[in-house]
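# Residue-level structure breakdown
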Amino acid sequence: QRHLINGGREAVPVLRKMVDGGDLETIENAIAVLAKIGEDEEPWRNNGAIATRESIATSSFGTKATVAKSTLKSFAEQRGRDARIHLSDIGVFVGPKTVALGSRSSLRPIVRIDKNWNGDVESLAWLRWIGDVSFVIVEGDAVTPKVMEAIIRMPNFTTIVIVDCELTVPTIEVLQRRPRIDAIELRYTPLNEELLAALSKMRIRNALFLMGTETTEERVQRLRVDLPGLEITLRRGGFLGVLCRTTLKDSCEVSEVMSESGAEEAGLQAGDTIIRIDDAKITRFDDLQRQINTHQAGDEVKIRFRRNGDVFQTSAKLKKLQNRN
């Protein structure tokens, strides 16, 4: 065993033959040696001891598969802890954050690759060991085919938000290889006819959100024909910065005003009840969202609201939706 362990990657083919043709004791010992070799293996290697154990676990039956799966489970847990350290070192955030998808915000575990990432593409291979995160945010210059190659190897990745970038067809083509994506949001990312055609070939199960993409409603209607049954939401990109609760009295009461938002600068406060946006009557949060969605970032809207029984009017300059740090 020591000799095989010292052999490292060169011993892997020999060990695979031992697993395929050995008795029970030999199989168990060979898989144990593969596990030991895999401890020092780089995360980006796809033909070494780790990949061999994964192949045994998925393509074999009986004892071989059981032993391989048991060693992989404990190994993956340790690798997941290591992955968080290595990803943090290169500026990739992994952890819980309140994030927006469509028009709803919630606290969830995420991976975020943005301007804090140092550009080390090779180290993104550690993403394959982040097994408890399904939600990924990628921003700006990080939106490239090579980065997407690392993301689609995450075992439970299903949702992605792509923000403020120059999207390319090769990048979308990488995502097309993922057999299941539940939702995609494209935010402040211009889309042309070629990009929309590439999107229509993706296997999206639930929703596609388009915000500030310079896409017309007519073109989105054609996309709905290409992707029947998929929820496709088009928003022009303006963001007010409030969360509201709808009460039994059919009113849109502000529950939270986000910092540095147009709403905060306009003087709105939690507890205010918004009753009009421009000339549109607001009775529910959905009404407010529908009206704001017709505006771009930079547009100014008039807001009538009720506070402590009195009615006031203010104006807010809409901004872009930003992820909270």
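Below: a short report on this structure. (Residues numbered from 1 in each chain as written. Predicted model: local features only at pLDDT ≥ 70, side-chain atom pairs only at ≥ 80, totals over all residues. Heavy atoms only, no water.)

The next point concerns the overall build of the protein. Helix and strand counts for the protein come out as eleven helices and 13 strands. Its C-alpha radius of gyration of 25 Å places the protein more than 25% over the 20 Å reference for a compact globule of 325 residues. Seen through its C-alpha atoms, the protein measures out along the principal axes to roughly 80 × 40 × 35 Å. For the protein, the proportion of contacts with a sequence separation of at least 24, taken over those separated by at least 6, is 57%. Total accessible area on the protein stands at roughly 16600 Å², and carbon and sulfur atoms take up 46% of it. Counting 47 positive and 46 negative side-chain charges, the protein places the averaged centre of each group 3 Å from the other. (Helix = DSSP H or I, 4+ residues; strand = E, 2+ residues; numbered from the N terminus. Rg over C-alpha atoms; globule rule 2.2 N^0.38 Å. Contact = heavy atoms within 4.5 Å. Areas by Shrake-Rupley, 256 points an atom, 1.4 Å probe, with all protein chains shown as cover. Lys, Arg positive; Asp, Glu negative; His and termini not counted. Charge placed at Lys NZ, Arg CZ, Asp CG, Glu CD.)

Contact geometry for helix α3 (residues 24–38) and helix α5 (residues 62–89): axes closest at 10 Å, N-to-C directions at 20 degrees. Put simply, α3 runs roughly parallel to α5. As for the relative orientation of α3 and α5, their crossing is right-handed in sense. From α3, L24, I27, E28, I31, A35 and G38 reach across to α5, where they touch T63, K64, V67, A68, T71, F75 and R79. In terms of residue class, the contact of α3 with α5 is made up of seven nonpolar, three polar and three charged. (Axes fitted to C-alpha atoms, helices over the stretch in contact; angles between N-to-C directions. Parallel < 35°, antiparallel > 145°, perpendicular 65-115°, else oblique. Left-handed = near helix turned anticlockwise from the far one by under 90°. Nonpolar A, V, L, I, M, F, W, Y, C, P; charged D, E, K, R; others polar.)

What the seven strands build is an open sheet, ordered β1-β2-β3-β4-β5-β6-β7; its pairing is mixed. The sheet terminates laterally at β1 (93–101) and β7 (231–235), the two strands that pair on one side only. Taken over all neighbouring pairs, the strand axes of this sheet differ in orientation by 25 degrees on average, direction set aside. The pairing of strand β2 (residues 104–113) with strand β3 (residues 135–139) spans four bridges and is classified as parallel. Opposite I110, over in β3, you have F135 as the bridge partner. (Pairing = 2+ DSSP bridges.)

Note on placement: E214 falls in the loop between β6 (204–211) and α9 (217–226). As for E214 and R235, which are separated by 21 residues in sequence, their C-alpha atoms are 9.4 Å apart.

Examined against the element boundaries, S60 turns out to sit in the loop between α4 (49–59) and α5. What makes S60 buried here is its relative accessible area of 14%. Setting aside residues up to four positions removed in sequence, S60 forms contacts with S55 and A65. (Buried < 20%, exposed > 50% of the residue type's maximum accessible area, 1.4 Å probe, protein only.)

A few words now on the packing of aromatic side chains. Inspection of the entire model under this criterion finds two aromatic pairs. Taking 5.4 Å as the distance between ring centres and 85 degrees as the angle between the ring planes, the aromatic pair formed by F75 and W129 counts as edge-to-face. Here W129 lies in the loop between β2 and β3 and F75 lies in helix α5, a separation of 54 residues in the sequence. Given a relative accessible area of 8%, W129 falls into the buried group. (Phe/Tyr/Trp six-rings, centres within 6.5 Å; stacked < 30°, edge-to-face > 60°.)

Soluble globular proteins tend to pack their nonpolar side chains together in the buried interior. V111, I113, L124, L127, V138 and I151 are the most contacted members of the largest nonpolar core, which has 52 residues in total. If we skip the residues at most four places from it in the chain, I113 touches V92, L124, L127, I137, V138, E139, A142, V147 and I151. Of all hydrophobic cores here, the second largest spans 19 residues; its members include L240, V254, F285 and F305. (Core = buried A, V, L, I, M, F, W, Y, C linked by side-chain atoms within 4.5 Å.)

It is worth spelling out the pattern of salt bridges at this point. With the rule as written, the count across this model stands at 14 salt bridges. Its salt-bridge partner being K36, residue E39 comes within 3.5 Å of it at the nearest N-O pair. In this structure, R222 engages E193 in a salt bridge whose closest nitrogen and oxygen atoms are separated by 3.2 Å. Here the residue R222 occupies a position in helix α9, and E193 occupies one in helix α8 (residues 193–199), the gap between them amounting to 29 residues. Each of the salt bridges in this network shares a partner with another, and the network as a whole consists of E193, R219 and R222. (Salt bridge = Lys/Arg side-chain N within 4 Å of Asp/Glu carboxyl O.)

All we've got here are geometric facts, nothing functional implied.
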